[in-house]
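Coordinates in review
Listed below are the residues making up each chain.
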Amino acid sequence: MEPNSTSSSSATDALITPNIIKFTAFALLSVSFIFLANFLSSSSLPLRSFSTITAFTSPPPRVKSLPPAPPQVVTRTGIIDQNGAMATEFEIGLVDPRIVEELRNLSGEEERIEERNQVKVKVEKFRVCDQSVSNYIPCLDNVEGIRRWNLSRHCPQEGHGLDCLVPPPEGYQLRIPWPQSIYEVCFKNIPHVHPTEDKGGPNWIAMKKDKLLFPKSTFDNVEARYFNKILQMVPDISFGQNTRVALDINCGVANFGILMLQHNVTTLSIAPKDIHENQIQIALERGVPAMVAVFGTQRLLYPSQAFDLILCSRGGINWTSDGGILLLEANRILRAGGFFVWQALLVHESGNDLEEQWKALEDLANRICWELVKKEGYVAIWRKPLNNTCYLNRDASLQPPLCGSNDDPDNVWYVGLKACITRLPDNGNGGNLTLWPARLHYPPDRLQSIHLDAHLSRKDIFVAESKYWNEIIDSYIRAFRWKQLNLRNVLDMRAGFGGFAAALHTLEVDCWVMNVVPVSGFNTLPVIYDRGLIGVTHDWCEPFDTYPRSYDLLHAAGLFSVEQKRCNITIIMLEMDRMLRPGGLVYIRDSVTLMDELQEIAISMGWVPALHETSEGPHASWKILICEKRM
């Protein structure tokens, strides 16, 4: 075994000597060159072989050329034509359906097109609801809740909301245009049996044939005397300059709000839907800013320091109950330095009752640092402090306490009332405003304190938005004759900084705008109020707190692109139909990817839609869908 092992080892060593390695490498290289030469010789190029074979001495024979094949017809799959211009018709080409499904799952979109035959999904025509819901407010028509005086929002559970079109009442007519509507409205547009019985007879309201009449003497006598009394008691109130935005609580039919409009004061009139359930509906029919709202168990849907003036005339609200929690809510939404006007309810009140009510209210107002400016008879006017000095100097044991520093006074969506005093910003934001009308265009200080995804560019964005909407509204006036449409009640469903409403005012379209700031975006509502406009926070996945047929125009810019990720856009469209008056218009500016579906829904609701290009041209990513709701 030993010799065999030695010979085997020697053979192995011989294989790895340098000479053997060089020989093997040379052989492999030669074979490679021979293979390469044979491969290239098949072409028409002359080539000399690197082998021992003799080189070509004459050129290779020519192959007879064939006529060129006809060009293959190829379907264009790009969006650029052969001249480099944007094509208007093109094919996308083949798409792997698995990739489409993956993208759809990532984006969260519902399937809108059947992939097998590429046929659009048709929306079935919506049925008309029963006539009994012609006056229906989904989140406020809780009969049991109203009976218990619990008037907070109680929306239908998911899947139990309206899936039909709310019909107008029998005999409904197109509304009487502004300003004639100040003095008369169509009775059948407001289905209420005995309107003259609610407020004390024909001196308040009269009926003639099919019209409700509001006597001019009301403005010349009752309301004018009340207005002049306030002005005499507090000359510094400066209507139309310092005082621009007011809130009228339990407003009746908004006579005072109409009078205030003549003095450049926008008054939002609010009242609950109770035994006088038609008062807000009448106010909206007259063309006055109004919505259904109540001082109940939840915060009102307005930001802190919203109103320059709050009035409660003959409202019957017990401001001192439950530790004064209702007056504390009024304090939250009253601007620093703003005025609170209270007039006692005289009917069915004895002298002793009024005296006790007054003493309790005076004591509470004093504890929350309100200054009693003037009191005459049963009218009293208080002023809210400009800063926190009085609050911080109070006795620590005094009730009600200050709200904690972690309380956000602008957080209002389904937030319960708090029995504490809302702090004012230490920097004075919200109270140091310019006079009207300059404040409409001047970026307010609260622009810097609200939550946004921008910091240094906030004022630039504010100015740019104003310029953007000015140009658009100007084009609407010229192209669509907005000044001839008799628009009065307008709802901006995604208001931003209020640039749309500001442009309507600047360009003298005689209307008022309810600016809605959706909860799905940044809360810009404080800026809207600082500009001298009005608005409300809302979630468009739920119904809005207003009567059917409230608005002449609904405006939605970029709304559906955002809300489609949160709820079914059909639900939003049905709610828009409920709020829109017959003869009203809808303007939707949104992504082209949604326009087909929005048009299908509009047609299914009986609207008449028309698709228009924006000023960016036919290939812009947004288009304008204009719809009319006909009688």
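Residues numbered from 1 in each chain as written. Predicted model: local features only at pLDDT ≥ 70, side-chain atom pairs only at ≥ 80, totals over all residues. Heavy atoms only, no water.

**Quick look at the overall build of the chain**
Counting secondary structure elements, the chain contains 16 helices and 17 strands. Expressed as a percentage of the 631 residues in the chain, the buried residues total 46%. Here the analysis covers contacts within the chain between residues at least 6 apart in sequence; of these, 68% occur between residues at least 24 apart. Element-wise, carbon and sulfur atoms account for 55% of the exposed surface of the chain, whose accessible area totals about 33,700 Å². (Helix = DSSP H or I, 4+ residues; strand = E, 2+ residues; numbered from the N terminus. Buried < 20%, exposed > 50% of the residue type's maximum accessible area, 1.4 Å probe, protein only. Contact = heavy atoms within 4.5 Å. Areas by Shrake-Rupley, 256 points an atom, 1.4 Å probe, with all protein chains shown as cover.)

**Considerations on the nonpolar core**
In terms of nonpolar packing, the biggest core is built from 125 residues, with Tyr302, Trp319 and Met514 touching the most fellow members. Apart from the residues within four sequence positions on either side, Met514 is in contact with Leu268, Met291, Val490, Leu491, Asp492, Ile534, Gly535, Val536, Phe544 and Tyr551. Formed by 18 residues, the second largest nonpolar core is a distinct cluster that contains Ile237, Phe256, Val265 and Val341. (Core = buried A, V, L, I, M, F, W, Y, C linked by side-chain atoms within 4.5 Å.)

**What to know about the pattern of salt bridges**
Counted under the stated rule, the structure contains 25 salt bridges. Close ionic contact of Asp530 with Arg335 constitutes a salt bridge, the shortest N to O distance being 2.8 Å. In this pair, Asp530 is assigned in helix 13 (residues 525–530) and Arg335 in strand 8 (residues 334–343), connecting sequence segments 195 residues apart. Residues Asp530 and Arg335 agree in their burial class; the two are buried. We note a salt bridge from Asp474 to Arg478, for which the minimum N-O separation is 3.1 Å. Taken together, the positions of Asp474 and Arg478, both in helix 11 (residues 458–480) and four residues apart, correspond to about one turn of that helix. Where salt bridges share partners, they join Asp308, Arg335, Arg439, Arg446 and Asp530 into one cluster. (Salt bridge = Lys/Arg side-chain N within 4 Å of Asp/Glu carboxyl O.)

**Let's talk about the pairing of strand 4 (residues 245–249)**
Most of strand 4 sits inside the fold, with five of its five residues counted as buried. Of the two faces of strand 4, the one lined by Val245, Leu247 and Ile249 and the one lined by Ala246 and Asp248 are each fully buried. Direction of pairing for strand 4 relative to strand 5 (residues 266–271): parallel, over a ladder of five bridges. Bridging across to strand 5, Leu247 finds its partner in Leu268. Since strand 4 and strand 5 lie parallel, the crossover through helix 6 (residues 255–261) that links them has a hand, and here it is right-handed. (Pairing = 2+ DSSP bridges. Right-handed = clockwise from strand over helix to strand, strands pointing away.)

**Considerations on the state of the cysteines**
Counting across every chain of the model gives five disulfides. The disulfide partner of Cys129 is Cys164, and the S-S distance across this bridge is 1.9 Å. As the torsion about the S-S bond is roughly 105 degrees, the Cys129-Cys164 disulfide counts as right-handed. A residue pair is termed long-range when its members are at least 10 positions apart, and Cys129 in the loop between helix 3 (97–107) and helix 4 (143–147) and Cys164 in the loop between helix 4 and strand 1 (184–186) qualify at 35 residues. A relative accessible area of 7% means that Cys164 is categorised as buried. Each sulfur of the disulfide joining Cys369 and Cys390 lies 2.1 Å from the other. Looking along the S-S bond of the Cys369-Cys390 disulfide, the torsion reads about -80 degrees, which is the left-handed sense. One end of the pair, Cys369, is in the loop between helix 9 (351–367) and strand 9 (371–376); the other, Cys390, is in helix 10 (residues 389–392), with 21 residues separating them in the sequence. When the cysteines of the chain that form disulfides are numbered from the N-terminus onward, they connect as 1-4, 2-3, 5-6, 7-8, 9-10. (Disulfide = S-S within 2.5 Å.)

**A closer look at the packing of helix 11 against helix 12 (residues 499–506)**
Direction vectors running N to C along helix 11 and helix 12 enclose 55 degrees, while the axes themselves pass 8 Å from each other. As judged from the angle between their axes, helix 11 and helix 12 are oblique. In the crossing of helix 11 with helix 12, the sense of the turn from one axis to the other is right-handed. Contacts between helix 11 and helix 12 involve Glu465, Trp469, Asn470 and Ile473 on the former and, on the latter, Gly499, Phe500, Ala503, Leu504 and Thr506. (Axes fitted to C-alpha atoms, helices over the stretch in contact; angles between N-to-C directions. Parallel < 35°, antiparallel > 145°, perpendicular 65-115°, else oblique. Left-handed = near helix turned anticlockwise from the far one by under 90°.)

**A few points about the pairing of strand 13 (residues 534–538)**
Within strand 13, five of the five residues are buried, which leaves the element mostly enclosed by the surrounding structure. The side-chain alternation of strand 13 yields two buried faces, one formed by Ile534, Val536 and His538 and the other by Gly535 and Thr537. Bridge analysis of strand 12 (residues 512–518) against strand 13 gives five bridges, and the strand direction is parallel. By the bridge assignment for strand 13, Val517 is matched with Thr537. With respect to chirality, the unit in which strand 12 leads through helix 13 into the neighbouring parallel strand 13 is right-handed.

**Structural notes on the sheet that holds strand 14 (residues 551–557)**
Reading across from one edge, 13-12-11-14-15-17-16 is the order of the seven strands in this open sheet, with mixed pairing throughout. Whereas interior strands pair on both sides, the edge strands pair on one side only; in this sheet they are strand 13 and strand 16 (608–613). Going from strand to strand, the sheet's axes swing by 20 degrees on average, the running direction of each strand aside. Note that strand 11 (residues 489–492) and strand 12 share four bridges and pair parallel. Directly across from Asn489, in strand 12, lies its bridge partner Trp512. Lying over the sheet, helix 11 contacts strand 14, strand 15 (580–591), strand 16 and strand 17 (622–628), oriented at roughly 130 degrees with respect to strand 15.

**Let's talk about the sheet that holds strand 2 (residues 206–208)**
Taken in spatial order, the three strands of this open sheet run 1-3-2, and their pairing is antiparallel. Strand pairing shows two members of the sheet lacking a second neighbour, strand 1 and strand 2, which therefore form its edges. Here the strands of the sheet are splayed against their neighbours by 30 degrees on average, with no regard to which way each runs. With three bridges connecting them, strand 2 and strand 3 (residues 211–213) associate as antiparallel partners. Residue Ala206 lies in a different strand from strand 3, and its bridge partner there is Leu213.

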